[in-house]
Every structure is written in C-alpha cells, then in structure tokens.
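Here's the letter readout for the chains.
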Amino acid sequence: HRALEAGSTARKALAHTNRVLHKRLPGGVCAKATLIELLGDEAKLYQAGARSAALVCSAGDAEEFHAEGIALGLDDGPVFEKGLRSEKIPLRQGTRVVLANEAAMRLDGFVDAVIEHSPKHTTPFLNMVLGEVEAEAGEGGLREDVILLTVKRW
C-alpha cells in the first residue's frame, strides 16, 4: 500500500511486497494478492498466488480474466518477478469489474446474479447479489465468508 501511495506501478509495488514478505514471513508461509490497476479505458489485473477470476460484465455478458503469478513471499525476487504477468481488461463505458473469493465463485447462481445485476449502481448491485447468495444458502447460512469487490466505469 505504501509503495502504491509513493507512486510505484502495481508491478513494482507487488515486487517490493514480495521481497519484504520473503524476509519477514516464516519459511513456507506465503500470501495471495489480487490487484487491479485502473488506467482509464483499460485495467491491468495482477494475481500473485490468487486463482479466482475477475469477472468483467458488460452488455449482459460476463467474461473471466485470470493473471499469472506465484504467491508472495515464496521467492526472494527473480522467480516471482519473472512469473508475474498482468492481464489487460478493456473498460468500456458501463463495464463492471467484480472480484470475488473462491467461496463465492463456487456458489450456484453467483455468476448469473452478477450478470443480472451488473448494470445497477454499486450499492444496489451489492445488495442484490449478496441477498441472492444468502437466500441460496438457506436456513443454515453460508458455510464460508463471501468476499465481493467491484468497480464500475460510468
């Protein structure tokens, strides 16, 4: 976060974070990260050890985007930096980008709810999608926490 605030690119910030975590984390421990760099009419998706897709919704359809990268802290730098590859995401007007954890992506009807409600403003979008997710869980509730992040280009 500090590296981004200081003006580093997303790639450099992740490389710096990886070096710091490699020194500070106990052996064999790693961290996962997904970072989206918004650049006007496109975005760059970076994923370090994270495997959940970014859903890009536009005109009633959703496309999945994935990026490559090993988890943070496993390598002191060269392998991490070589393996870190961004994926470009076009951001036309009305496009919504949705990041969800693996628990959300496994839920029946989650992607359909995201597509259906993606044209809405963010607050109604979140309320509708999370409401449907909780309704599908039934009386027992969700077995795992669902994480949902979104941004929409107006």
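As a reminder, the structure under discussion sits directly above these lines.
Presented here is a report on the structure given in the accompanying data block. (Residues numbered from 1 in each chain as written. Predicted model: local features only at pLDDT ≥ 70, side-chain atom pairs only at ≥ 80, totals over all residues. Heavy atoms only, no water.)

Concerning the sheet that holds strand β4 (residues 61–65)
Across the sheet, which stays open at both edges, the 4 strands sit in the order β4-β3-β6-β7 with antiparallel pairing between neighbours. With one partner strand each, in any of the chains shown, β4 and β7 (148–152) form the two edges of the open sheet. Taking each pair of neighbouring strands and ignoring which way they run, the sheet shows an average axis angle of 20°. Relative to β4, strand β3 (residues 54–58) runs antiparallel, the two sharing 5 bridges. Bridge assignment links Val-56 to a residue of β4, and that residue is Glu-63. On the sheet, helix α5 (residues 110–117) packs against β3, β4, β6 (96–100) and β7 and is oriented at approximately 35° with respect to β3. (Pairing = 2+ DSSP bridges. Helix = DSSP H or I, 4+ residues; strand = E, 2+ residues; numbered from the N terminus. Axes fitted to C-alpha atoms, helices over the stretch in contact; angles between N-to-C directions. Contact = heavy atoms within 4.5 Å.)

Considering the pattern of salt bridges
Applying the stated criterion to the full structure yields 2 salt bridges. One salt bridge in this structure joins Arg-19 and Glu-81, with 3.1 Å as the shortest N-O distance. Linking Arg-19 in helix α2 (residues 10–24) with Glu-81 in helix α3 (residues 78–83), this pair joins segments that are 62 residues apart in sequence. The residue Glu-144 makes a salt bridge to Arg-106 at a minimum N-O spacing of 2.5 Å. Of this pair, Glu-144 sits in the loop between α6 (122–137) and β7 while Arg-106 sits in the loop between α4 (102–105) and α5; the two residues are 38 residues apart in sequence, bridging distant segments of the chain. (Salt bridge = Lys/Arg side-chain N within 4 Å of Asp/Glu carboxyl O.)

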